[in-house]
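Observations on the model geometry
Here are the chains, one letter per residue:
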Amino acid sequence: MHRVLGGIAVDASGATSIGGLYAAGECAGTGLHGAAGLPGNFLLAAVSSGKSAGHAAALYARSAAAPGPGREALDRDRGLVSGALQREGAKPLAEIRNELAGLMHHNVGMIRENAGLQQTARRIEQMRESYNSLGAGSTGSEYNFGLGQYLEMGCLLDVAGAIVASALAREES
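Let me sum up the structure you'll find in this document.

Rules and cut-offs
Sequence order as written defines residue numbering, which begins from 1 separately in each chain. It should be noted that, the model being predicted, local features are given only for residues of pLDDT at least 70 and side-chain atom pairs only at 80 or more, the latter also being counted only at that level, while totals for whole chains, interfaces and linings use all residues. Side-chain measures were taken over the full set of non-hydrogen atoms in the model, leaving aside hydrogen atoms and water. Side-chain rings of Phe, Tyr and Trp (the six-membered ring for Trp) are treated as a pair once their centres are within 6.5 Å; stacked means planes under 30 degrees apart, edge-to-face means over 60, and tilted covers the remaining angles. Each helix is a run of DSSP H or I of at least 4 residues and each strand a run of E of at least 2, with the numbering of both proceeding from the N terminus. Only protein chains enter the calculation, and the probe is 1.4 Å; a residue is then buried if its accessible area is under 20% of its type maximum, exposed if over 50%, and partly exposed in between. The criterion is simple. A nonpolar core is a set of buried Ala, Val, Leu, Ile, Met, Phe, Trp, Tyr and Cys residues joined through side-chain atoms within 4.5 Å. Between two residues, a contact is recorded if the distance between any of their heavy atoms is within 4.5 Å. Salt-bridge detection follows one rule: a side-chain nitrogen of Lys or Arg within 4 Å of a carboxyl oxygen of Asp or Glu.

Time to look at the packing of aromatic side chains. Counted under the stated rule, the structure contains two aromatic pairs. Both rings, one in Y22 and one in Y60, keep their centres 6.4 Å apart while their planes meet at 65°; by these two values the pair is edge-to-face. Taken together, the positions of Y22 in the loop between β1 (8-9) and β2 (28-29) and Y60 in helix α1 (residues 41-63) put the pair 38 residues apart, joining distant regions of the chain. For Y60, a relative accessible area of 35% corresponds to the partly exposed category.

Moving on to the nonpolar core. In this structure, L100, M104, I124, M153 and L157 are the most contacted members of the largest nonpolar core, which totals 22 residues. Take this core: its biggest share by element is eight residues, from helix α5 (residues 145-169). Setting aside anything within four residues of it in sequence, one finds M104 in contact with G109, T120, I124, A160, I163 and V164.

Under the criterion given, the structure shown has three salt bridges. Its salt-bridge partner being R97, residue E152 comes within 2.7 Å of it at the nearest N-O pair. Here E152, found in helix α5, pairs with R97, found in helix α3 (residues 90-107); they are 55 residues apart in sequence, far enough to count as distant. According to the relative accessible area criterion, E152 is partly exposed, its value standing at 38%.

Pasting the structure below:
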């Protein structure tokens, strides 16, 4: 087998078990090609399942009530941004980003071991603590690229933590 397909369970329209979430293409477990597809057929699967999923998602979106962000989420985000604008952080933030990239590359790639995953999980928590004490490096609220990088770093830490937790939970490989 040269390429694994699927992984996200979907119905014929591309709907997942999470309401309003659809998957298409190579990530969707449509069964179009079985467990491995032939080169050149991936585009066909993406177009075919993408059309079905897109149509179903549009129908869902028309019928679903649009939820607004909760008050707690808005208050949390305002606090995050205002705190980031008040604290310094450009150089240390770049160092955390570089270290995170290296850890993920060395310990959480295709070849990984429990010890490396555990070490990475602990280090991500430490990085999160450091990140929470840093900021955007600039107090301007408009066109503040440092604020964008600060917020992106928080997302990178969230995603890295989720990837490591998933890898640790998957003990069969």
